[in-house]
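Single-letter residue listing:
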Amino acid sequence: MHQESAIREPLILGDNVTYHQITEDIARPIEGKANKWWYLVFGIAMAAFLWGFACICYFIGTGIGAWGANKTVGWAWDITNFVWWIGIGHAGTLISAVLLLFRQKWRMAINRSAEAMTIFAVMCAAMFVVMHTGRPWLDYWLFPLPNQFGSLWTNFNSPLLWDVFAVSTYFSVSLIFWYMGLIPDFATIRDRAKKPLAQKIYKILSFGWSGRARDWSRFEEVSLVLAGLSTPLVFSVHSIVSMDFATSIVPGWHTTIFPPYFVAGAIFSGFAMVLTLLIICRKVLGLENYITIKHIEYMNIVIIVTGSLVGVAYLTELFIAYYSGVMYEQYAFLNRATGPYWWSYWGMMTCNVISPQLFWFKKIRTSIIATFILSIVVNIGMWFERFVIIVTSLHRDFLPSSWTMYSPTFIEIGFFIGTIGFFFVCFLLFARVFPVIAQSELKMIVKSSSEKHRKINKQNQHH
Amino acid sequence: MSKKSIHGIYDDDDQLKDGARLLRDHGIKVKEVFSPFPVHGLDALIGVPRTRLAITAFVYGITGTCLATLMMWYMMVSDWPTDVGGKPNWGYFYNMPAFIPITFESTVLCAAHLMFWTFMFRSWLLPGVTPKNPDPRTTDDKFLMLIEANDSDVDKIVGYLKQTGASEVNLK
């Protein structure tokens, strides 16, 4: 049997961890009743979602003139929020695919909920794309449909069309990857279920999984191949999102470093959102033995790395703007830092470049409170980043007579709040009815990485 | 001579593997193993061949590449060539850099989805299918080894199972 080095910190804590104990701990939130905090948060999230829904109905009825976007600033909150959500969505696949290829065992406790988060975040992002076309009922024009719908095919030279393909592929592949992992865990819940309705529902959800050796062998092979496919996919999606900007000729957007810079930013914000959710989740669902401080520390290390990459990208951008000698490019960056939107630029710099550097201190990166606060700071910073890139690059274009300012209307703000509500509604429901930890995977590492077996191995060595 | 099904239930995956090894050494075929998680190293002991699903994924991926290429060639080059921002449109090859992202996405889309559904149909995992595990505890913490044997061999096999630490042996 594979044994880990004894100096590696265990990933599963607790002295009485057994396979059955893991099942019990993960099934508890599903089988038990929700407490009043769950209902309270769910109520708030639902209210936010309904408010957003009302705003969506309003601007579908009147047109997206109800937004603050104007002739000069044609993309504003819609695309800012789209990129923000899709960026958040990147952590899930990164954790489940890239960390699987690197054989990182710590991903096993967090991959399920991170993937769920990915799926919900991409759904939120999709809402902005669907709505920003203005006439969402004609969105099927985005697909390559025959000529009867007009005289032309879709333009395959356009990054906007690449985006349609990339985001839909990403969403659907993440969905099957997530669902396939859930099938064995649904089977566990099904075989434990006492109530006939629950038995019926989980029987359907588990696809009749019975855990035969042959199925497991196929399951592992498919997981590995899906991870191999998802790894370039996750990098391609945000690269293509960045090409929506980078292939244009707008100063501030026309930058070749955008693809890696956006991918690093996406992973950065995604991990921050995973931390925000899991720090609450582990407490509320009583999973402290599985999602440990060590897991939080690992994620914080990813945040330092990607945050520093983002910081380097910001500085490179500034230097290249200066070094290019192009006055429009130079002005775009000068205007970001000192123009009317200076607060968003400095907000971005503080939240994304300075604050993650605090994680160099071990005390801070192993502190739950500090991590929670910083994870929210990072998400605010990453929202500002997209706002800076989009709005401050557009609002003062080549023609000073069309320079203008942008501010969101309450309808737009309502839409954004609505997607946050939707995200939390989905996540809270997920935490109640789905196994939030991939228990079958976790059971595989009990013998190599749990605190209990570490001690047993140690005793055996002494004898 | 009548056949009997023997259910050997283990609490531990390493003991399960010991059992499988002992049975293999005595030439006894294990019909099936039901486990709560994949037990590495078991497949070779009970004679489960390596799955070919990865090969299907490759074939599906190539199919996706071809479909995307064909689609973009037909739409952008053959059926209705359009000059968009002066980008070349008079031949697939010249326009190809712009087609790479969608070719890649289509490859991944076809490989992932078709492989997933091939897995589901091959293992017959579909909504509403009745699970085949004989004991509900095998999705929790028990490992069940299913052996079909002639009446005369039953005692011997039960002995092997007990010897390697099976916590329960049931005859059906």
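The structure this text deals with has already been given above.
These remarks concern the structure in this document. (Residues numbered from 1 in each chain as written. Chains lettered and ligands numbered in written order. Predicted model: local features only at pLDDT ≥ 70, side-chain atom pairs only at ≥ 80, totals over all residues.)

1. Side note on the overall build of chain B
Then comes step 1: Looking only at helices and strands, one finds five helices and four strands in chain B.
Then comes step 2: For 172 residues, the compact-globule estimate of 2.2 N^0.38 gives 16 Å, and chain B exceeds it by more than 25% at 26 Å.
Then comes step 3: The burial tally for chain B puts 41% of its 172 residues in the buried class.
Then comes step 4: Contacts in chain B between residues far apart in sequence, at least 24 positions, make up 75% of those at least 6 positions apart. (Helix = DSSP H or I, 4+ residues; strand = E, 2+ residues; numbered from the N terminus. Rg over C-alpha atoms; globule rule 2.2 N^0.38 Å. Buried ≥ 20, exposed ≤ 12 C-beta atoms within 10 Å, placed from the backbone. Contact = placed C-beta atoms within 7 Å.)

2. Brief notes about the overall build of chain A
Then comes step 1: Of the regular secondary structure elements, chain A holds 18 helices and zero strands.
Then comes step 2: Its C-alpha radius of gyration of 24 Å places chain A within 12% of the 23 Å reference for a compact globule of 463 residues.
Then comes step 3: Its C-alpha atoms give chain A principal-axis dimensions of about 80 × 50 × 40 Å.
Then comes step 4: Within chain A, the fraction of its 463 residues that count as buried is 50%.
Then comes step 5: Looking at chain A alone, contacts between residues at least 24 apart form 83% of all its contacts between residues at least 6 apart.

3. Observations regarding the sheet that holds strand S2 (residues 32-34) of chain B
Across a sheet, paired strands are connected by hydrogen bonds in the backbone, their directions being either parallel or antiparallel.
Residues and elements named next belong to chain B.
Then comes step 1: The four strands lie next to each other as S2-S3-S1-S4, forming an open sheet whose pairing is antiparallel. Two strands bound the open sheet, and with one partner strand each, they are S2 and strand S4 (168-171). Across the sheet, the mean angle separating the axes of adjacent strands is 20 degrees when strand polarity is ignored.
Then comes step 2: Two strands pair when backbone bridges link them, and strand S1 (residues 3-10) and strand S3 (residues 143-150) are joined in this way by eight bridges, in the antiparallel orientation. Bridging from a neighbouring strand, Ile6 pairs with Ile147 of S3.
Then comes step 3: Helix H1 (residues 13-25) rests against S1 and S3 of the sheet, and its axis sits at about 20 degrees to S3. (Pairing = 2+ DSSP bridges. Axes fitted to C-alpha atoms, helices over the stretch in contact; angles between N-to-C directions.)

4. Let's talk about the interface of chain A and chain B
Then comes step 1: Opposite the 50 residues of chain A that make contact, chain B presents 56 residues.
Then comes step 2: Those elements that provide at least two residues to the side of chain A that touches chain B are helix H1 (19-31), helix H6 (159-192), helix H8 (213-246) and helix H16 (439-444) of chain A.
Then comes step 3: Here the residues of the side of chain A that touches chain B are counted per class, giving 27 nonpolar, 14 polar and nine charged. (Nonpolar A, V, L, I, M, F, W, Y, C, P; charged D, E, K, R; others polar.)

5. Topic: the packing of H8 of chain A against helix H3 (residues 53-79) of chain B
Then comes step 1: Interaxial distance between H8 of chain A and H3 of chain B falls to 9 Å at its minimum, and their mutual angle equals 35 degrees. The interaxial crossing formed by H8 of chain A with H3 of chain B has right-handed handedness. Each of Arg218, Glu221, Val222 and Val225 of chain A in H8 of chain A lies in contact with H3 of chain B, whose residues at this interface are Leu53, Ala54 and Ala57 of chain B.
Then comes step 2: Across the contact of H8 of chain A with H3 of chain B, the residue classes break down as five nonpolar, no polar and two charged. (Left-handed = near helix turned anticlockwise from the far one by under 90°.)

6. Digging into the pairing of S1 of chain B
Then comes step 1: Across four bridges, the pairing between S1 of chain B and S4 of chain B is antiparallel. Looking at the pairing, Ile9 of chain B lines up with Glu168 of chain B of S4 of chain B.

7. What to know about the pairing of S3 of chain B
Then comes step 1: Where S2 of chain B lies against S3 of chain B, three bridges are found, and the strand directions are antiparallel. Within S3 of chain B, the position partnered with Val33 of chain B by the bridge is Met145 of chain B.

8. Let's talk about helix H3 (residues 77-88) of chain A
The α-helix advances 3.6 residues per turn, and as a result positions three or four apart in sequence lie on the same side.
Residues and elements named next belong to chain A.
Then comes step 1: For H3, spanning 12 residues, the distance from its first C-alpha to its last is 16 Å, which sits close to the expected 16 Å at 1.5 Å a residue.
Then comes step 2: Counted residue by residue, H3 has 12 buried out of 12 residues, so it is predominantly covered.
Then comes step 3: Within H3, the full set of buried residues consists of Trp77, Asp78, Ile79, Thr80, Asn81, Phe82, Val83, Trp84, Trp85, Ile86, Gly87 and Ile88. (Expected span 1.5 Å × (residues − 1).)

9. Details of the nonpolar core
Then comes step 1: Counting 183 residues, the largest nonpolar core has Phe271 and Val274 of chain A together with Met115 of chain B as the members making the most contacts within it.
Then comes step 2: Mapped onto the domain boundaries, this core takes at least three residues apiece from domain 1 (3-49 + 138-171) and domain 2 (53-122) of chain B.
Then comes step 3: For Val274 of chain A, the contacting residues outside a window of four places in its chain are Ala91, Ile110, Ala114, Met117 and Met299 of chain A. (Core = buried A, V, L, I, M, F, W, Y, C linked by C-beta atoms within 7 Å. Domains from an automatic or database assignment.)

10. Re the environment of Gly414 of chain A
Residue and element names in this part refer to chain A.
Then comes step 1: Looking at the secondary structure, you find Gly414 in helix H15 (residues 410-433).
Then comes step 2: Here Gly414 falls in the partly exposed class, since 19 other C-beta atoms lie within 10 Å of it.
Then comes step 3: Separated by 381 residues in sequence, Gly414 and Lys33 place their C-alpha atoms 32 Å apart.
Then comes step 4: Leaving out residues up to four positions away in the same chain, Gly414 has contacts with Trp51, Gly52 and Cys55.

11. Considerations on H1 of chain A
Then comes step 1: With 13 residues, H1 of chain A extends 18 Å from end C-alpha to end C-alpha; this agrees with the ideal 18 Å at 1.5 Å per step.
Then comes step 2: All of the buried residues along H1 of chain A are Tyr19, Ile22, Thr23, Asp25, Ile26 and Pro29 of chain A.

12. Focus on unusual backbone geometry
Residue and element names in this part refer to chain A.
Then comes step 1: A positive phi angle, close to 55 degrees, is found at Arg103, a residue other than glycine.
Then comes step 2: Here Arg103 lies in the loop between helix H4 (90-101) and helix H5 (111-132).
Then comes step 3: Positive phi, normally seen in glycine, also occurs at Phe207, with a value near 60 degrees.
Then comes step 4: Locating Phe207 in the fold gives a position in the loop between helix H7 (196-205) and H8.

13. Re the packing of H8 of chain A against helix H9 (residues 258-284) of chain A
Residue and element names in this part refer to chain A.
Then comes step 1: Orientation of H8 relative to H9, taken along the N-to-C sense of each, is 125 degrees, at an axis distance of 8 Å. As judged from the angle between their axes, H8 and H9 are oblique. Crossing hand, H8 versus H9: right-handed. Contact with H8, carried on its side by Phe235, His238, Ser239, Val241, Ser242, Met243, Phe245 and Ala246, involves Phe258, Pro259, Phe262, Val263 and Ala266 of H9 and no other residues of that element. (Parallel < 35°, antiparallel > 145°, perpendicular 65-115°, else oblique.)

14. Regarding the environment of Ala97 of chain A
All names here are of chain A.
Then comes step 1: Following the sequence through the fold, Ala97 ends up in helix H4.
Then comes step 2: Note on Ala97: 27 C-beta atoms within 10 Å, which makes it buried.
Then comes step 3: Between the alpha carbons of Ala97 and Phe42 there is a distance of 30 Å; along the sequence they are 55 residues apart.
Then comes step 4: Dropping the residues within four chain positions of it, Ala97 is found in contact with Ala227, Ser230, Thr231 and Val234.

15. Observations concerning the environment of Ser449 of chain A
Residues and elements named next belong to chain A.
Then comes step 1: Tracing the chain through its elements places Ser449 in helix H17 (residues 446-449).
Then comes step 2: Given 21 C-beta atoms within 10 Å, Ser449 falls into the buried group.
Then comes step 3: Separated by 276 residues in sequence, Ser449 and Val173 have C-alpha atoms that sit 30 Å apart.

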